[in-house]
Amino acid sequence: NAGVTQTPKFQVLKTGQSMTLQCAQDMNHEYMSWYRQDPGMGLRLIHYSVGAGITDQGEVPNGYNVSRSTTEDFPLRLLSAAPSQTSVYFCASSYSGAGAGNEKLFFGSGTQLSVL
Amino acid sequence: GQQLNQSPQSMFIQEGEDVSMNCTSSSIFNTWLWYKQDPGEGPVLLIALYKAGELTSNGRLTAQFGITRKDSFLNISASIPSDVGIYFCAGRGGSGNTGKLIFGQGTTLQVKP
């Protein structure tokens, strides 16, 4: 099983550029989410989705958009990249949209993003 | 908002030593979890705890859900080089299972062979 697949693995952007980080899971999970990891800050939730067609904001949503048109895919869009968005981004999924079980997250291997 | 304080921030130990780390919250949680992140990879779930006072083991790892529901502890016995990585605690509050998962800052563990 592929699990949670993130692409690209590495990306360098210039300030103001836009891009989409891709995330796909093949486990038929209802819940998908995006986190960013910064030194000393742990993992912070950006956006999440409890099912196709449903998205909501996490702790640090500004500057990011998401959509969930299918169960499998949950892309993260940076509309106008800023140096403060330099980080490692993780996509995670779990089998339950809400209720017991959605805390057991399966993570992708991450995207290292640098904004110059 | 809810915050988790994880300590220590980093540890450098000798192979064979035992390791202890903990996580404290400013508010009550109804679920505590411990994840491990290997270098260059995403975190992987180690242990999940759902009840105050619960003590759960996974091989050489043992985790406890604090009786006050505001803290959790992870112990690793007889450390080995592959224990190297970042360990994250995570907690969830709110009623039922609807609260968002909050992560601690992580504890970086290095093991000297």
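Structural data are supplied above this passage.
Structural notes, computed from the coordinates. (Residues numbered from 1 in each chain as written. Chains lettered and ligands numbered in written order. Predicted model: local features only at pLDDT ≥ 70, side-chain atom pairs only at ≥ 80, totals over all residues. Heavy atoms only, no water.)

## Comments concerning the side chain of Asn 30 of chain B
If you trace the backbone, Asn 30 of chain B turns up in the loop between strand 3 (19-25) and strand 4 (31-37). Engagement of the side chain of Asn 30 of chain B in a polar contact is seen with the side chain of Thr 31 of chain B, the distance being 3.1 Å. (Helix = DSSP H or I, 4+ residues; strand = E, 2+ residues; numbered from the N terminus. Polar contact = N/O pair within 3.5 Å; in protein donor to acceptor, adjacent residues only side chain to side chain.)

## Structural notes on the interface of chain A and chain B
Each partner contributes to the interface: chain A provides 20 residues, whereas chain B provides 20 residues. With both chains or domains summed, chain A and chain B bury close to 1500 Å², and 57% of this area falls on carbon and sulfur atoms. The largest per-residue losses of area from chain A upon contact with chain B belong to Leu 43, Glu 103 and Phe 107 of chain A, which jointly make up 33% of the total buried on that side. Joining chain A to chain B, the criterion identifies 0 salt bridges. For the pair chain A and chain B, the number of links is 3 residue pairs in polar contact (both at pLDDT 80 or more). Of all the secondary-structure elements, those providing two or more residues to the side of chain A that touches chain B are strand 4 (31-38) and strand 5 (42-51) of chain A. When residues of the side of chain A that touches chain B are assigned to their parent elements, the largest contribution, 4 residues, is made by strand 5 of chain A. Considered class by class, the residues forming the side of chain A that touches chain B number 9 nonpolar, 8 polar and 3 charged. (Contact = heavy atoms within 4.5 Å. Buried area = accessible area lost by both parts, 1.4 Å probe. Salt bridge = Lys/Arg side-chain N within 4 Å of Asp/Glu carboxyl O. Nonpolar A, V, L, I, M, F, W, Y, C, P; charged D, E, K, R; others polar.)

## Side note on the state of the cysteines
Here, disulfide denotes a covalent bond that connects the sulfur atoms of two cysteines. The tally for this structure, following the rule as stated, stands at 2 disulfides over all chains. Across the disulfide, Cys 23 of chain A is cross-linked to Cys 91 of chain A (sulfur-sulfur distance 1.9 Å). Residues Cys 23 of chain A and Cys 91 of chain A are joined by a disulfide whose S-S torsion is about -70°; by sign, that bridge is left-handed. Here Cys 23 of chain A, found in strand 3 (residues 19-25), pairs with Cys 91 of chain A, found in strand 9 (residues 87-94); they are 68 residues apart in sequence, far enough to count as distant. Both residues of the pair, Cys 23 of chain A and Cys 91 of chain A, belong to the buried class. Note that Cys 23 of chain B is cross-linked by a disulfide to Cys 89 of chain B, the S-S spacing being 1.8 Å. On the criterion of sequence distance, the pair formed by Cys 23 of chain B in strand 3 and Cys 89 of chain B in strand 9 (residues 85-92) is long-range, its members being 66 residues apart. Taken individually, Cys 23 of chain B and Cys 89 of chain B each receive the classification buried, so the pair is uniform in this respect. (Disulfide = S-S within 2.5 Å. Buried < 20%, exposed > 50% of the residue type's maximum accessible area, 1.4 Å probe, protein only.)

Note that all results are geometric; they support no functional claim without further evidence.
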